[in-house]
Amino acid sequence: MLEWSDVDIAVRDAVREFVDKEIRPHVDALESGEMEPYPIIRKLFATFGIADMARDSLDKRLARLRDGGGAATDKPASAGMFGGDGGSAGMGFVVVSELCRVSMGVVTGMGVSLGLTVPTIMGRGTLAQQERWLPDLVTYDKVGAWAITEPDSGSDAFGGMKSYVVRDGDGYILNGQKTFITNGPDADVVVVYAKLNEGDAGSGSSRERSSTSNPRNRKVLTFVLDRGMDGFVQSKPFRKMGIHSSRTGELFFNDVRLGRDRLLGETEGDDTGDSGRDSARSNFSAERIGVAAMALGVIEECLRLCVDYAKTRTLWGKEIGQFQLIQLKLATMEVARMNVRNMLFRVIEAAQTGTAISLAEASAIKWYCSQAATDVAMEAVQVFGGNGYMTEYRVEQLARDAKSLMIYAGSNEVQITHVARGLLSD
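Residues numbered from 1 in each chain as written. Predicted model: local features only at pLDDT ≥ 70, side-chain atom pairs only at ≥ 80, totals over all residues. Heavy atoms only, no water.

If you check an unreviewed UniProt entry, the chain appears there as Acyl-CoA dehydrogenase from Mycolicibacterium hippocampi. Of the chain, the UniProt comment under Cofactor (unreviewed entry) reads exactly: "FAD". Entered under Sequence similarities (unreviewed entry) in the UniProt record, the comment concerning the chain runs "Belongs to the acyl-CoA dehydrogenase family." (UniProt positions renumbered as here; feature names shortened; annotations may be inferred.)

1. Quick word on the packing of aromatic side chains
Counted by the stated rule, this structure contains 11 aromatic pairs. Aromatic pair Phe232 and Phe253: ring centres 5.6 Å apart, planes at 20 degrees, arrangement stacked. Placement of the pair is Phe232 in strand β6 (residues 232–234) and Phe253 in strand β7 (residues 248–258), with a sequence separation of 21 residues. Residue Phe253 is classed as buried on the basis of its relative accessible area, which comes to 1%. Note on Tyr309 and Phe384: the rings are 4.0 Å apart at their centroids and 20 degrees apart in plane angle, and the pair reads as stacked. You can see Tyr309 sitting in helix α9 (residues 275–312) and its partner Phe384 sitting in helix α11 (residues 359–384), a full 75 residues away along the chain. You'll find Tyr309 and Phe384 in the same group, each marked buried. Connected via pairs of aromatic rings, a cluster forms that spans Tyr38, Phe45 and Tyr140. (Phe/Tyr/Trp six-rings, centres within 6.5 Å; stacked < 30°, edge-to-face > 60°. Helix = DSSP H or I, 4+ residues; strand = E, 2+ residues; numbered from the N terminus. Buried < 20%, exposed > 50% of the residue type's maximum accessible area, 1.4 Å probe, protein only.)

2. Observations concerning the pattern of salt bridges
Under the defined criterion, the tally for this structure stands at 29 salt bridges. The residue Arg24 makes a salt bridge to Glu301 at a minimum N-O spacing of 3.2 Å. Linking Arg24 in the loop between α1 (6–22) and α2 (27–32) with Glu301 in helix α9, this pair joins segments that are 277 residues apart in sequence. Overall, the relative accessible area of 2% leaves Glu301 in the buried class. A salt bridge links Glu361 to Arg346; the shortest N-O distance between them is 2.7 Å. Here Arg346 lies in helix α10 (residues 324–353) and Glu361 lies in helix α11, a separation of 15 residues in the sequence. On the basis of relative accessibility, which here comes to 28%, the residue Arg346 falls in the partly exposed class. Sharing partners across several salt bridges, the network here consists of Arg16, Asp20, Arg24, Glu98, Arg101, Glu300, Glu301, Arg304 and Asp308. (Salt bridge = Lys/Arg side-chain N within 4 Å of Asp/Glu carboxyl O.)

3. As for helix α6 (residues 104–124)
Taking 1.5 Å of rise per residue, the 21 residues of α6 would be expected to cover 30 Å, and the 29 Å separating its terminal C-alpha atoms lies within 8% of that figure. Of all the bends in α6, the largest measures some 30 degrees and sits at Gly111. Of all 21 residues making up α6, 20 are buried, and the element is well covered by its neighbours. (Expected span 1.5 Å × (residues − 1). Bend = angle between axes of the 7 residues up to and from the residue.)

4. A word on the side chain of Ser163
Structurally, Ser163 can be placed in the loop between β1 (144–147) and β2 (164–168). Given the relative accessible area of 1%, Ser163 is considered buried. Within the structure, the side chain of Ser163 is placed 2.8 Å from the side chain of Glu150, a separation counted as a polar contact. Among all residues touching Ser163, those that are not within four sequence positions of it are Glu150, Asn175, Gly176, Gln177, Lys178, Tyr193, Ala194, Lys195 and Phe253. (Polar contact = N/O pair within 3.5 Å; in protein donor to acceptor, adjacent residues only side chain to side chain. Contact = heavy atoms within 4.5 Å.)

5. Focus: the nonpolar core
Core analysis: the biggest nonpolar cluster contains 103 residues, and Phe45, Leu99, Ile121 and Trp146 have the highest contact counts within it. Counting residues per element, this core draws most heavily on α9, which supplies 17 residues. Apart from residues no more than four positions distant in its own chain, Leu99 is found in contact with Val19, Ile23, Ile41, Leu44, Met104, Val107 and Met110. Residues Leu174, Ile181, Val192 and Val256 belong to the second largest nonpolar core, which totals 21 residues. (Core = buried A, V, L, I, M, F, W, Y, C linked by side-chain atoms within 4.5 Å.)

6. Considering the packing of α6 against helix α7 (residues 127–138)
Packing of α6 against α7 brings their axes to within 10 Å, and their N-to-C directions diverge by 165 degrees. Between α6 and α7, the angle falls in the class roughly antiparallel. For the pair α6 and α7, the crossing hand works out as left-handed. Where α6 abuts α7, its residues Ser113, Leu114, Thr117, Val118, Ile121 and Met122 lie against Gln129, Gln130, Trp133, Leu134, Leu137 and Val138. Its residues assigned to classes, the contact of α6 with α7 comprises eight nonpolar, four polar and no charged. (Axes fitted to C-alpha atoms, helices over the stretch in contact; angles between N-to-C directions. Parallel < 35°, antiparallel > 145°, perpendicular 65-115°, else oblique. Left-handed = near helix turned anticlockwise from the far one by under 90°. Nonpolar A, V, L, I, M, F, W, Y, C, P; charged D, E, K, R; others polar.)

7. Focus: the packing of α1 against helix α3 (residues 38–48)
For the pair α1 and α3, interaxial distance at closest approach is 12 Å and the crossing angle is 140 degrees. Considered as vectors, α1 and α3 are oriented oblique to each other. The element α1 and its partner α3 pack so that their crossing is right-handed. Between α1 and α3, the residues in contact are Ala14, Val15, Phe18 and Glu22 and Ile40, Lys43, Leu44, Thr47 and Phe48, respectively. In terms of residue class, the contact of α1 with α3 is made up of six nonpolar, one polar and two charged.

8. So, the environment of Ala194
For Ala194, the location among the structural elements is in strand β4 (residues 189–196). Taking the C-alpha atoms as reference, Ala194 lies 8.0 Å from Phe223; in sequence the two are 29 residues apart. Not counting the four nearest positions on each side in its chain, Ala194 is found in contact with Met161, Ser163, Tyr164, Val165, Leu174, Lys219, Val220 and Leu221.

The structure is reproduced here in structure tokens:
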């Protein structure tokens, strides 16, 4: 795929019109926190029938599972964020890209709920668990969060994880803390990763007991929590450098009692694997390749604003677009746009053909696209000069938002490690 399809272009134009009418006039309110982002996404879903598509797709999936047509933990569709199959991947990425031109934070909240929370429950949950939580999540009637990051873990998500559960009869008791959780302050449903603390007792050799008792090596389990549970506290939104329209916070777990029905799959798995770690890793690639669509939106908007500005801003009696250094900046932005777009086309093609993108390739895509978006946005501020430092010209917001992509979904330093490991393992 070297160009957007006619359908993709039609969707793009329609979404662009929606954005100009429903989001651009409210950017300041979204940035200040005066307006929450969730109603806007619900209106988008209603306007374009996305909620109906997602509901219909889920109903068909659940009906098939009830009839024994597949395992309850079948993998969700590759474009499951919008309830479609691989053929609709382009549409989903078009929506993400267009929204990111104006308010990346709106996309971040939507992406975590529909792109992480939903696939985790869909891919790991029993039929009963999918029936319980997915209907309201896939339509965005309820907001989801995906909680793995902790104050002392960061990129060492598993090794540094301190949140833990202990068995309590047929259920569990959860204690711990998560931070930097997108949608954390407002989420109705939260997927939480925690280590199983079995203590040092048990059978097996001393070496085996030492290995399992080491906090870094303990099994990770995946649970689903609902807002308002006893002992479950959601913080107020953090104040951040960028993506202000995305509400981010902390989660606290103080002796939260969890029935086995909240353990995804309702099983701890066997001793040969670690379903919780596998569950998290399966989302890493999807989260990272999504950055390509987000970066493309930022780059396209920066380029549009800069070209318009270069044609109208004059210095020494000339439009600044006539100066070679400004032309170099614009040309460099265009090359970045082309490269990021082609990487996104690679992702779309893979979804359409059912080809998996390796973690190393996903990391390379995330690394390059996030860096390109940040570089373009900072150069856009420079093109605008003093005006670029002012909020009203919007490139200032784009620069702050773009920087988050270098940290979001794993810092770029970690992506470099995954790319190198992929090369060295061949």
